[in-house]
Amino acid sequence: MQTLLLILVALLPAVCAAVCWFAPAVREDKKRDGFVFVSLLVEFVLVIWLCTMGDARVTLFEMTESLPVILASDGLARLFAILMSGMWLMSGAFSFRYMEHEGSQRRYYTFYLLTLSALMGLCFAGTLATMYLFFELMTLLSVAMVLHSLTKEAVAAGMKYLLYSIAGAMMGLLGVFYFTKHAITPVFTAGGNLDLTVASSQSGMMLAILFVTIVGFGTKAGMFPMHGWLPTAHPIAPAPASAVLSGVITKAGVICIIRFLYYVVGADLVRGTWVQTALIILSLLTVFMGSMMAFKTTGLKKRLAYSSVSQVSYVLFGLFMLNEVAFRGAMLHVYFHSLMKNLLFFAAGSIIFKTGLTDVRDLTGIGKKMPVTLWCFTIAGVSLVGVPPLCGFFSKWQLAQGALSSGVAVFSWLGPVVLLVSALLTGAYLLPVSINGFFPGHEGHGHGHEEAAVESCEVPACMYIPMIVLAVLIVVLGLCPSLVENAIAAVASALL
């Protein structure tokens, strides 16, 4: 039953995508929306059900004897699968009204479901070959969401996303070839599956290939110097697509990096090497640079895109510290950043949907017109800054604690300093949107209750309900982070 469920979780969204594209019964928008929502809901329930059953493994087929394509459910896979399927459900629910003015809904939802299928395969990949197969598939399928409007700008953004992704994946493929050849077993193993005699005799080459591989997969996570696709793709894609590109698909790069660092090579072989130092430098550089670029940018969605460049590298910094506390902080931030950034993009999309405004300088007084939307934006923004008792504070606190206790040369204190500076910059580029939106002053657009009532233009309930759900989760997980932390701690203790 468990192996059947594992296959079903990976294949069901693809089957539903085929129905969405070919079945005449779901050609009408309303019927298609209902079908897509039920598909996403059933997928999420199946993932939860699978995750209650413990570890499982199934071999789909063998390309060669040493290259089996295996789906496996372990602690890390379950953490990412619940997050990704849950966020896909939220974004799908938000998109039904939003996509009405975007056109080509049938194509959008077909690729939306296909991308989810590839992501589930990536989460439950049991070997490097399986992981790479689904990673490439996910990239190719998700390009359609960037290209959606088929304007000149969208095609250019889609091509840039594709070129960056393929370049990064080729760098990653080098590691897949090398580490598959020198692994004791092709199956991911907590602590590493590398042949230690090869690791000691070829340590220089092994470390160099590992560095190139992680930078390659870091492309999807938006790590410098391979971050350029993010601020181009996000403003062009529809808001629900931007939300999952930022909150979910960037985490596809994160799970690949975790698999290489902790399940193939092992933290012990990397700790204290030049690779660890170089990766920490790159992650901190990305944290600071992303925050600065977000601060300087006035386009709302582009500002959020640069914010993602910065915030996902918080996660990478925690992973590269190679200690248990920092790992827990990184995994918490995987979850919390997804909640916060999806909510921010939903709010930005709602503003665009109702007003057409895309520049933060034009949003003065928007809180009187769209109070629910701006309150949700504010909760996510304050949490992203790291203000207690919201969830963003807790993950950043763990990351800082992990760095301080790591003893990694200068980075044990420099890391927390960079995170603090980035948090201040985050407040500087997010909070003014809320402040000017609620308190426009004498030159604002909202002069009195009558005008505000006339101009009130809140989004429909089917759009603000997903936003409220995410806002509530941000508060609840800030007050009770143990709801997620216990599962993360179990994974961390097995790896470190």
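Residues numbered from 1 in each chain as written. Predicted model: local features only at pLDDT ≥ 70, side-chain atom pairs only at ≥ 80, totals over all residues. Heavy atoms only, no water.

Caption draft 1: Structural context of the packing of aromatic side chains. Taken as a whole and judged by the stated rule, the model has 18 aromatic pairs. Consider the rings of Phe37 and Phe96, whose centres lie 6.4 Å apart with planes at 75 degrees: the pair is edge-to-face. With a gap of 59 residues between them, Phe37 in helix 2 (residues 29–51) and Phe96 in helix 3 (residues 75–98) connect regions that are remote in the sequence. Overall, the relative accessible area of 33% leaves Phe37 in the partly exposed class. You can call Phe96 buried: its relative accessible area is 11%. Aromatic rings pair up to connect Phe37, Trp88, Phe96, Tyr108, Tyr109 and Tyr112 into one cluster. Its guanidinium or amino end placed over the ring of Trp21, Arg106 lies 4.0 Å from that ring's centre, counting from NZ or CZ. When the ring centre of Tyr263 is taken as reference, the NZ or CZ atom of Arg259 above it lies at 4.7 Å. (Phe/Tyr/Trp six-rings, centres within 6.5 Å; stacked < 30°, edge-to-face > 60°. Helix = DSSP H or I, 4+ residues; strand = E, 2+ residues; numbered from the N terminus. Buried < 20%, exposed > 50% of the residue type's maximum accessible area, 1.4 Å probe, protein only. Lys NZ or Arg CZ within 6 Å of the ring centre and 35° of its normal.)

Caption draft 2: Main features of the nonpolar core. If you look at the biggest cluster of nonpolar residues, it comprises 174 residues, and the most contacted ones within it are Phe179 and Leu319. When neighbours within four sequence positions are excluded, Leu319 is seen to be in contact with Val254, Ile257, Ile258, Leu261, Tyr262, Phe327 and Ala330. (Core = buried A, V, L, I, M, F, W, Y, C linked by side-chain atoms within 4.5 Å. Contact = heavy atoms within 4.5 Å.)

Caption draft 3: Representation of the pairing of strand 2 (residues 67–73). The buried count for strand 2 comes to six of seven residues, which makes it a mostly enclosed element. As defined by bridge partners, strand 1 (residues 56–64) adjoins strand 2 across seven bridges and the pair is classed as antiparallel. By the bridge assignment, Ala56 is partnered in strand 2 with Ser73. (Pairing = 2+ DSSP bridges.)

Caption draft 4: Summary view of the side chain of Ser283. Mapped onto the secondary structure, Ser283 falls in helix 12 (residues 274–296). In this view, Ser283 contacts Ser313, Leu316, Phe317 and Phe320; residues no more than four positions away in its chain are not counted.

Caption draft 5: The pattern of salt bridges, seen in detail. The final tally for this structure, using the stated rule, is six salt bridges. The salt bridge partner of Glu485 is Arg328, with a shortest N-O separation of 3.7 Å. Remark: Arg328 occurs in helix 14 (residues 324–355) and Glu485 occurs in helix 21 (residues 482–495); sequence separation between them is 157 residues. What makes Glu485 buried here is its relative accessible area of 15%. Between Arg361 and Asp359 there is a salt bridge, and its shortest N-O distance comes to 2.9 Å. Under the relative-accessibility criterion, Arg361 is labelled exposed at 60%. Judged by its relative accessible area of 14%, Asp359 is buried. Linked by salt bridges that have partners in common, Glu324, Arg328 and Glu485 make up one network. (Salt bridge = Lys/Arg side-chain N within 4 Å of Asp/Glu carboxyl O.)

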